[in-house]
Amino acid sequence: MSSPTTRATAIASMLSTALGVPLDDDEPEAVRIEANDSGLRISAPVPAALSEAVRLDVLAFLMQTADRFGHSVQHSGTSVIWAEIETVDAGGGAP
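On a predicted model such as this, the values are computed, not experimentally measured, just so you know.

The rules behind these values
Residues numbered from 1 in each chain as written. Predicted model: local features only at pLDDT ≥ 70, side-chain atom pairs only at ≥ 80, totals over all residues. Heavy atoms only, no water. Axes fitted to C-alpha atoms, helices over the stretch in contact; angles between N-to-C directions. Helix = DSSP H or I, 4+ residues; strand = E, 2+ residues; numbered from the N terminus. Parallel < 35°, antiparallel > 145°, perpendicular 65-115°, else oblique. Contact = heavy atoms within 4.5 Å. Nonpolar A, V, L, I, M, F, W, Y, C, P; charged D, E, K, R; others polar. Pairing = 2+ DSSP bridges. Buried < 20%, exposed > 50% of the residue type's maximum accessible area, 1.4 Å probe, protein only. Polar contact = N/O pair within 3.5 Å; in protein donor to acceptor, adjacent residues only side chain to side chain.

### Digging into the packing of helix α1 (residues 4–19) against helix α2 (residues 52–65)
Put simply, α1 and α2 touch, their axes get as near as 11 Å, and they point 180° apart. Relative to α2, the element α1 lies roughly antiparallel. Contact residues: Arg7, Ala10, Ile11, Met14, Leu15 and Ala18 in α1; Val54, Val58, Phe61, Leu62 and Thr65 in α2. Taken together, the residues of the contact of α1 with α2 break down into nine nonpolar, one polar and one charged.

As structure tokens, then:
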């Protein structure tokens, strides 16, 4: 299995391509990779006009690659798709 960093990079690249958003940290609407105590979280804004085919492709990829994923919709109507990769298992070591 690939390392957590490799998996997170693959997810970020796929989201950037599929959603048409940059990987540039300086852009406010960019794909983000953030580290926390237990893993890596990748998030990206979802365009309002995303086709159903692209949405299904993204979900299929995340089901195969991420440890967890979801789609958060804000009251304003904007939404973010996110995925998490574990870097620490329940016992405190590397997965």
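Now, onward.
### Section: the pairing of strand β3 (residues 68–73)
It is a general feature of regular strands that their side chains alternate between the two faces of the sheet. Where β3 lies against strand β4 (residues 79–86), six bridges are found, and the strand directions are antiparallel. Its bridge partner lying in β4, arginine 68 is registered against glutamate 84. Two successive antiparallel strands, β3 and β4, enclose a turn made up of five residues, where glycine 77 displays a positive phi of approximately 100°.

### Examining the side chain of serine 16
Within the secondary structure layout, serine 16 lies in helix α1. The buried category is assigned to serine 16, whose relative accessible area is 14%. Of note is the side chain of serine 16, whose polar atom sits 2.5 Å from the backbone oxygen of valine 21. Beyond its immediate sequence surroundings of up to four residues, serine 16 is in contact with Val21, Pro22, Leu23 and Val31.

### A few points about the sheet that holds strand β2 (residues 39–45)
Sheet architecture is open: four strands sit in the order β1-β2-β4-β3, paired in antiparallel fashion. Edge positions in the sheet fall to β1 (32–35) and β3, since each of these pairs with one other strand and no more. Each adjacent strand pair in this sheet contributes to an overall mean axis angle of 20°, direction not counted. Here β2 pairs with β4 via seven bridges, running antiparallel. Note on β4: the bridge partner recorded for isoleucine 42 is alanine 83. This element, α1, spans β1, β2 and β4 of the sheet and lies at about 5° to β2.

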